[in-house]
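In case you want the letters, here they are:
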Amino acid sequence: EYVTNYAIKCGYKDDETDIKKLTSFIAKKCVDCQADISSQTVANWLNSGLPANTASARENVYRLCFALQLNANQTAEFFLKAYLERPFNYKNINEAVYFFCMNNGLPYVEAIRIISVINSMPIIENPNADEVTEVIGANISEFKTENEFIKYISENRSGFAVNNKTAKECIKELMDRCMEVA
């Protein structure tokens, strides 16, 4: 339903129930923006439902969002309501770049280029690096230029390796409180 609705917003004018035409339209959009998703993959999604919950399927969903020209808010909604997954793990370089690009109207090819630039940079150890995922996302949402964004990622990338720190701290606090009661 969401794929169809966004395809219509993106210019699809044929029968909404014609999976072959819809698949062809989406596949062409993917080719046009250089987001390589096979027609078979798109057809499988439209015929069978949700893509698998894998890293490669998640990447394909981002490619689909770029192909359908979704912005960051639309992509977040698509992930939550159509793919049933959390959008934008800001500690994942690719997803942080996708968020930056979608938030600033940059196409998929620019996202791939920026990812390549970031991946070629050394990781600088920074004990003050941002580690809280939502803080990272809030900071990225403020950047309007590629240079600002890349500088931020470069300075804070070492903090991206710290996962689930906030959750672990909350669990430890809850365990301590439970032990007091027990």
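Further up the page is the structure itself.
A short tour of the structure in this document, coming up. (Residues numbered from 1 in each chain as written. Predicted model: local features only at pLDDT ≥ 70, side-chain atom pairs only at ≥ 80, totals over all residues. Heavy atoms only, no water.)

Another point: the overall build of the chain. Helix and strand counts for the chain stand at ten helices and zero strands. Along the chain, from the amino end to the carboxyl end, the secondary structure elements read α-α-α-α-α-α-α-α-α-α. In terms of overall dimensions, the chain has C-alpha extents of about 60 × 45 × 25 Å along its principal axes. By sequence separation, contacts in the chain at least 24 residues apart represent 63% of the contacts at least 6 residues apart. Here the chain has roughly 10400 Å² of accessible surface; of this, 53% comes from carbon and sulfur atoms. In the chain, 19 side chains carry a positive charge and 24 a negative one; their mean positions are 2 Å apart. (Helix = DSSP H or I, 4+ residues; strand = E, 2+ residues; numbered from the N terminus. Contact = heavy atoms within 4.5 Å. Areas by Shrake-Rupley, 256 points an atom, 1.4 Å probe, with all protein chains shown as cover. Lys, Arg positive; Asp, Glu negative; His and termini not counted. Charge placed at Lys NZ, Arg CZ, Asp CG, Glu CD.)

Counting 51 residues, the largest nonpolar core has I26, F78, V97, I140, F149 and I153 as the members making the most contacts within it. Residues in contact with F149, not counting those within four places in the same chain, are A96, V97, F100, I114, I118, I140 and F143. (Core = buried A, V, L, I, M, F, W, Y, C linked by side-chain atoms within 4.5 Å. Buried < 20%, exposed > 50% of the residue type's maximum accessible area, 1.4 Å probe, protein only.)

Let's shift gears to helix α8 (residues 133-142). All buried positions along α8 are accounted for by T133, I136, G137 and I140. For α8, the buried positions fall inside an angular range of 100° around the axis, keeping them on one side. Turned more than 90 degrees away from the buried face of α8 sit E134 and E142, all of them exposed. Buried positions along α8 lie against α6 (93-103) and α9 (146-156). (Arc of directions from axis to C-beta.)

A few words on the packing of helix α2 (residues 19-32) against helix α3 (residues 39-48). Running from N to C, α2 and α3 cross one another at 135°; their axes reach a closest spacing of 9 Å. Classified by the interaxial angle, the pair formed by α2 and α3 is oblique. Considering the relative orientation of α2 and α3, their crossing is right-handed. Residues I19, L22, T23, I26 and A27 of α2 pack against S39, V42, A43, L46 and N47 of α3. Split into classes, the residues belonging to the contact of α2 with α3 amount to seven nonpolar, three polar and no charged. (Axes fitted to C-alpha atoms, helices over the stretch in contact; angles between N-to-C directions. Parallel < 35°, antiparallel > 145°, perpendicular 65-115°, else oblique. Left-handed = near helix turned anticlockwise from the far one by under 90°. Nonpolar A, V, L, I, M, F, W, Y, C, P; charged D, E, K, R; others polar.)

Per the counting criterion, the structure on display carries 16 aromatic pairs. Aromatic side chains Y62 and F88 sit 5.6 Å apart centroid to centroid with 40° between the ring planes, which places their arrangement in the tilted category. Note that Y62 is positioned in helix α4 (residues 55-67) and F88 in the loop between α5 (72-83) and α6, a separation of 26 residues in sequence. Assigned by exposure class, Y62 and F88 land together as buried. Each residue in the set Y62, F66, F79, Y83, F88, Y90, Y98, F99 and Y108 is aromatic and connected to the rest through ring pairs, giving one cluster. (Phe/Tyr/Trp six-rings, centres within 6.5 Å; stacked < 30°, edge-to-face > 60°.)

Turning our eyes to something else, we now look at the state of the cysteines. The full count for this structure, using the stated rule, is zero disulfides. Free of any disulfide, C33 has its nearest cysteine sulfur in C30, 5.9 Å distant. No disulfide involves C101; its nearest neighbouring cysteine sulfur is the one of C33, lying 12 Å away. According to the relative accessible area criterion, C101 is buried, its value standing at 0%. (Disulfide = S-S within 2.5 Å.)

A few words now on the side chain of N156. Within the secondary structure, N156 is located in helix α9. Note on N156: relative accessible area 7%, which makes it buried. With residues near it in sequence (within four places) discarded, N156 still touches N126, N128, A129 and D130.

In short, shape yes, function no, at least from these values alone.
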